[in-house]
Amino acid sequence: MATMTAAQRREQARVEYDAFIRSCPTNQLLDRISDKWVSLVVSALAPGPMRYSDLGRKIAGVSPKMLTQTLRSLERDGLLTRTVTPSVPVRVDYELTPLGHNLALLLTAVKDWAENHFDEVKEARERYDAEGPDD
């Protein structure tokens with residue numbers, strides 16, 4: 001194995017985490033955090049812990065299967081914790097980790113932007129559809 005100079009190691013490290021390169025592992029992370037359900041779950045948990053059933057009610061349209069998959073993937077990525085309290089029925093709470101709270105700042109801002117600018121986007125779409133592309 002060839003020896004690398006410090007400059008070569010820095011260049012390799014820089015390239016390894018360049019999201020514009022298809023093979024970069026950060027693409028998987030960007031794919032995960034750009035998912036609609038991830039964004040909504042993280043935003044819903046930003047104020048504090050919630051039970052599974054409360055999350056399901058808060059996030060309209062999410063199926064139990066999709067909610068479970070999303071919560072598991074976020075737990076695996078270290079963005080939330082799952083706490084099971086033995087009771088009848090069993091109580092399961094989800095809470096963002098510090099890393100999850102950091103992500104929540106961004107995703108909640110995107111959610112808020114969408115809520116605040118939807119009318120403008122809708123008008124732009126209607127104009128575009130009425131006029132067609134400039135091709």
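Refer to the preceding data block for the structure.
If you're wondering where the values come from, they're calculated on a predicted model, not measured in any experiment. Within every chain, residues take consecutive numbers counted from 1 along the sequence as written. Local features in a predicted model are, by the rule used here, given only for residues with pLDDT of at least 70; side-chain atom pairs are given and counted only at 80 or more, and totals for whole chains, interfaces and linings are based on all residues. Each side-chain value is derived from all of the structure's non-hydrogen atoms; neither hydrogens nor water enter the calculation.

Here's the deal with the packing of helix 3 (residues 36-45) against helix 5 (residues 64-76)
Here is the rule we go by: Each axis is a line fitted through C-alpha atoms, and for a helix only the stretch in contact is used; angles between axes span 0 to 180 degrees, taken between their N-to-C directions. What counts as a helix is a DSSP run of H or I of at least four residues, what counts as a strand is a run of E of at least two, and both are numbered from the N terminus. Any angle between 65 and 115 degrees counts as roughly perpendicular, while under 35 counts as roughly parallel, over 145 as roughly antiparallel, and the rest as oblique. Residue contacts are counted whenever heavy atoms from the two residues lie within 4.5 Å of one another. When residues are sorted by character, Ala, Val, Leu, Ile, Met, Phe, Trp, Tyr, Cys and Pro go into the nonpolar class, Asp, Glu, Lys and Arg into the charged class, and all the rest, Gly among them, into the polar class.
Close contact between helix 3 and helix 5 brings their axes to 10 Å; oriented N to C, the two are set at 75°. Here helix 3 is positioned roughly perpendicular relative to helix 5, judged by the angle of their axes. For the pair helix 3 and helix 5, the contacting residues are Trp37, Val38, Val41 and Val42 in the first and Met66, Leu67, Thr70, Leu71 and Leu74 in the second. Across the contact of helix 3 with helix 5, the residue classes tally to eight nonpolar, one polar and no charged.

Comments concerning the layout of surface pockets
Note the following rule: Both cavities and pockets are sets of points on a 1 Å grid over the protein atoms alone; in a cavity a 1.4 Å probe fits but cannot get out, in a pocket the set is open with protein on both sides within 12 Å along at least five of seven lines, and lining residues sit with an atom within 4 Å of a point. Grid points are joined across faces, edges and corners, and a volume is the space filled by probe spheres set on the points.
The space that makes up the largest pocket amounts to roughly 180 Å³. Around the largest pocket, the lining residues are Ile33, Ser34, Asp35, Lys36, Ser39, Leu40, Leu107, Val110, Lys111, Ala114 and Glu115. Broken down by secondary-structure element, the contributors of at least two residues to the lining of the largest pocket are helix 3 and helix 6 (98-131). The biggest single contributor to the lining of the largest pocket is helix 6, with five residues. Taken together, the residues of the lining of the largest pocket break down into five nonpolar, two polar and four charged. Quantified by volume, the second largest pocket comes out at close to 150 Å³. Lining the second largest pocket are Leu29, Ile33, Asp77, Leu79, Leu99, Asn102, Leu103 and Leu106. For the lining of the second largest pocket, the secondary-structure elements that each account for two or more residues are helix 2 (26-33) and helix 6. The element that contributes the greatest number of residues to the lining of the second largest pocket is helix 6, accounting for four residues. Across the lining of the second largest pocket, the residue classes tally to six nonpolar, one polar and one charged.

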